[in-house]
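Residues per chain, in single letters:
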Amino acid sequence: MAGFEEDLRARLEAIEDQNLRRQVRRVDSAQGPHVVIQGRECLNFSSNDYLGLATHPKLREAAEKTLRDYGTGSGASRLVCGSLAPHHRLEEALAEFKGVERALVFSTGYATAFGTITALVSTGDIVVLDKLVHASIVDGSRLSGAKLRIFDHNDLNDLESVLQWADGQRRANDKARVLVVTESLFSMDGDIAPLREIVELKDQYGAWLMVDEAHATGLFGAQRRGLVEELGLTGRVEVQMGTLGKALGSAGGYIAGAGVLIDYLVNKARSFIFSTAPPPSVSSASLAGVEVARSNEGAELLAKLRSAVMQFCEGSGIKPAALHSPIVPKIIGDEADALRMAEMLFERGFFVPAIRYPTVARGKARLRFTFSAAHAKDVAALTEALRVLRAG
Ligand SMILES: *Cc1c(COP(=O)(O)O)cnc(C)c1O
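Sequence order as written defines residue numbering, which begins from 1 separately in each chain. Reporting of local features is limited, given that this is a predicted model, to residues whose pLDDT is at least 70; pairs of side-chain atoms are given and counted only at 80 or more, and all residues count toward the totals for whole chains, interfaces and linings. Calculation of side-chain values draws on the structure's entire complement of heavy atoms; hydrogens and water are dropped beforehand.

1. Side note on the packing of aromatic side chains
For step 1, the next point in the chain: Within 6.5 Å between ring centres, the rings of Phe, Tyr and Trp (the latter by its six-membered ring) count as paired, and their orientation is classed by plane angle as stacked under 30 degrees, edge-to-face over 60, tilted in between. Taken as a whole and judged by the stated rule, the model has six aromatic pairs.
For step 2, the next point in the chain: Look at Phe312 and Phe369: their rings are 4.8 Å apart centre to centre, the planes differ by 45°, and that puts the pair in the tilted class. Of the two residues, Phe312 is situated in helix α13 (residues 296-316) and Phe369 in strand β13 (residues 365-370); the sequence distance between them amounts to 57 residues. We note that Phe312, like Phe369, is buried.
For step 3, the next point in the chain: Ring centres of Phe312 and Phe371 lie 4.9 Å apart, and the angle between their planes is 45°; this geometry places the pair in the tilted category. Separated by 59 residues along the polypeptide, Phe312 in helix α13 and Phe371 in the loop between β13 and α15 (378-391) bring together distant segments of the chain. The residues Phe312 and Phe371 share a single accessibility class, namely buried. The helix count covers DSSP runs of H or I at least four residues long, the strand count covers runs of E at least two residues long, and both are numbered beginning at the N terminus. Here the term buried applies to any residue with accessible area under 20% of the maximum for its type, exposed to any over 50%, and partly exposed to those in between, with areas from a 1.4 Å probe on protein chains only.

Structural data, given as structure tokens:
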């Protein structure tokens with residue numbers, strides 16, 4: 001026992017020495033634009049609850065009703081003990097929302113990416129990732145057994161040269177599948193992928209494309225389906241992924257696409273097969289989240305979010321990485337500096353996370369400001385605090 005703990009302590013110290021130690025911060029209130037931390041109310045600029053739906057009355061009511069009707073747990077995997085109606089209602093709504101044949105819900109976004117990639121490719125295949133994709137995509141790709149190739153972030157020339165290489169590999173093994181995976185709105189940089197061009201390239205080289213819309217679902221496109229919709233690419237992307245725990249205010253992840261894709265994942269996605277289904281109340285909250293996001297109210301909330309972001313960028317002089325992105329990073333570089341700035345903001349009542357390795361590359365530490373439709377009046381206070389910090 002002593003040796004074990006000593007070993008872990010030494011490893012933790014090494015993390016601490018690099019200013020990379022992480023700690024969970026207890027919050028004694030609901031997640032919202034204001035949170036209570038250490039008995040003090042803070043303005044919260046750290047959440048992905050972009051539309052403020054995590055505390056929306058319609059989502060609460062939907063979850064409460066299902067909690068009364070179905071109880072707390074799902075019992076087992078959906079393949080083992082039967083699949084509860086709230087999950088089916090959510091999947092039907094998601095398919096309609098995304099404009100595809102069918103959808104499949106997983107307990108988390110992490111499990112969605114991980115299970116889907118490991119199901120789609122394996123030894124002998126090739127998986128091609130943007131350098132900045134989320135850990136769940138990297139982990140799934142590594143475990144899949146497929147050859148893993150990375151292209152420079154949003155670099156179409158580099159992507160094309162990787163696809164050319166993959167084409168050469170296919171001459172030796174014509175059954176090799178090539179899967180390209182990217183995010184649409186990048187989670188830590190707030191910029192967007194050149195999806196139109198990526199779709200052209202993958203078609204040209206006969207590759208498949210999976211797009212993770214975790215941060216874009218609910219925020220882009222005329223019907224707020226995501227960036228694939230906004231760019232008119234629905235029907236040209238083999239695998240659309242999204243999460244339910246960000247703008248949609250609930251928890252979980254989903255794949256949307258052809259019926260045969262969903263049938264295949266039900267048979268092969270191990271994170272779906274070997275995991276207890278999400279609580280039915282969570283699926284009902286997600287369904288209400290989809291309904292609010294699609295409604296006129298969703299459009300109004302989005303307009304509020306965008307105006308908060310615009311006000312922040314104008315007031316702080318920090319340029320948005322993409323038009324209408326709710327994620328605005330301020331790159332600091334050094335890990336210790338980023339931590340110090342986050343701490344100074346926290347002392348002034350602003351909760352803004354310092355994002356460090358391994359979430360981003362070493363030496364690319366940053367403050368990551370995220371905004372919500374509910375922020376309106378709080379943004380001016382934040383820009384003023386940043387101004388004072390800069391002056392000091
Ligand atoms: C958050 C996120 C995930 C994981 O989703 P969870 O529901 O939090 O597990 C996957 N991909 C991207 C791009 C994300 O930002």
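Additional details are given in the paragraphs that follow.
2. Some points on the environment of Tyr70
For step 1, the next point in the chain: Structurally, Tyr70 is set in helix α2 (residues 57-70).
For step 2, the next point in the chain: Residue class for Tyr70 comes out partly exposed when judged on its relative accessible area of 32%.
For step 3, the next point in the chain: Placed 290 residues apart in sequence, Tyr70 and Val360 show a C-alpha to C-alpha distance of 41 Å.
For step 4, the next point in the chain: Beyond its immediate stretch of four places on either side in the chain, Tyr70 contacts Leu84, Ala85, Pro86, Arg89 and Pro280. Only heavy atoms enter the contact rule, under which two residues are in contact if any of them lie within 4.5 Å.

3. With respect to the nonpolar core
For step 1, the next point in the chain: Residues Leu94, Ile255, Phe312, Leu345, Phe369 and Phe371 are the most contacted members of the largest nonpolar core, which totals 103 residues.
For step 2, the next point in the chain: With seven residues, the top contributor of residues to this core is α13.
For step 3, the next point in the chain: For Phe369, the contacting residues outside a window of four places in its chain are Phe45, Phe312, Ile318, Pro326, Ile327, Val328, Lys330, Leu345, Val352, Leu382 and Leu386.
For step 4, the next point in the chain: Residue types Ala, Val, Leu, Ile, Met, Phe, Trp, Tyr and Cys, when buried and joined through side-chain atoms within 4.5 Å, form a set referred to as a nonpolar core. With five residues, the next largest nonpolar core counts Val35, Cys42, Phe346 and Phe351 among its residues.

4. Examining the site of the ligand
For step 1, the next point in the chain: A cutoff of 4 Å decides nearness: a residue is near a molecule or strand if any of its heavy atoms lies inside that distance of it. Surveying the vicinity of the ligand reveals 14 residues, the closest of which are Gly109, Tyr110, Asp212, His215 and Lys246.
For step 2, the next point in the chain: In protein, a polar contact requires one atom able to donate a hydrogen and another able to accept it; more generally it is a pair of N or O atoms within 3.5 Å, and residues adjacent in sequence count only if both atoms are side-chain atoms. The separation between an oxygen atom of the ligand and a polar main-chain atom of Gly109 is 2.8 Å.
For step 3, the next point in the chain: At 2.7 Å, a side-chain N or O of Lys246 approaches an oxygen atom of the ligand.
For step 4, the next point in the chain: Protein contact buries 81% of the 370 Å² of open area that the ligand shows by itself.
For step 5, the next point in the chain: Lys, Arg, Asp and Glu make up the charged group, whereas Ala, Val, Leu, Ile, Met, Phe, Trp, Tyr, Cys and Pro make up the nonpolar group; the residues left over, Gly among them, are polar. Along the lines of polarity and charge, the residues of the shell around the ligand split into three nonpolar, eight polar and three charged. Here, Shrake-Rupley sampling with a 1.4 Å probe gives the accessible areas, and only protein chains in the shown set may cover a residue.

5. Some details on the pattern of salt bridges
It is possible for side chains bearing opposite charge to pair when their charged atoms get close.
For step 1, the next point in the chain: Should a side-chain nitrogen of Lys or Arg be within 4 Å of a carboxyl oxygen of Asp or Glu, the pair is scored as a salt bridge. Under the counting rule described, the total for this entry stands at 19 salt bridges.
For step 2, the next point in the chain: For Arg170, the salt bridge is made with Asp167, and the minimal N-O distance between the two is 3.8 Å. On the criterion of helical spacing, the pair formed by Arg170 and Asp167 is a turn pair, its members being three residues apart in helix α7 (residues 156-172).
For step 3, the next point in the chain: Of the residues examined, Arg170 reaches a relative accessible area of 19% and is grouped as buried.
For step 4, the next point in the chain: By relative accessible area, which is 26% here, Asp167 ends up partly exposed.
For step 5, the next point in the chain: The shortest N-O distance in the salt bridge between Arg340 and Asp337 comes to 2.4 Å. Residue Arg340 and its partner Asp337 are both found in helix α14 (residues 335-347); the two are separated by three residues, about one turn of the helix.
For step 6, the next point in the chain: Since its relative accessible area comes to 31%, Asp337 is described here as partly exposed.
For step 7, the next point in the chain: Sharing partners across several salt bridges, the network here consists of Glu200, Lys202, Asp203, Arg236 and Glu238.

6. Concerning the pairing of strand β6 (residues 178-183)
Successive residues of a regular strand alternate their side chains across the two faces of the sheet.
For step 1, the next point in the chain: Of all six residues in β6, six are buried; the element is thus mostly enclosed.
For step 2, the next point in the chain: The alternating pattern of β6 places Val178, Val180 and Thr182 on one face and Leu179, Val181 and Glu183 on the opposite face, and all of these are buried.
For step 3, the next point in the chain: Sheet topology note: the strand β4 (residues 126-130)/β6 ladder contains four bridges and is parallel. Pairing of Ile126 across the sheet is with Val178, part of β6.
For step 4, the next point in the chain: With five bridges connecting them, β6 and strand β7 (residues 208-212) associate as parallel partners. Each bridged residue has a counterpart across the sheet, and for Leu179 the counterpart in β7 is Trp208.
For step 5, the next point in the chain: The definition of a right-handed crossover adopted here requires that, viewed with the strands pointing away, the path from the first strand over the helix to the second runs clockwise. Regarding topology, helix α8 (residues 195-204) serves as the crossover connection from β6 to the parallel β7, and that connection is right-handed. At least two bridges found by DSSP between two strands is the condition for calling them paired.

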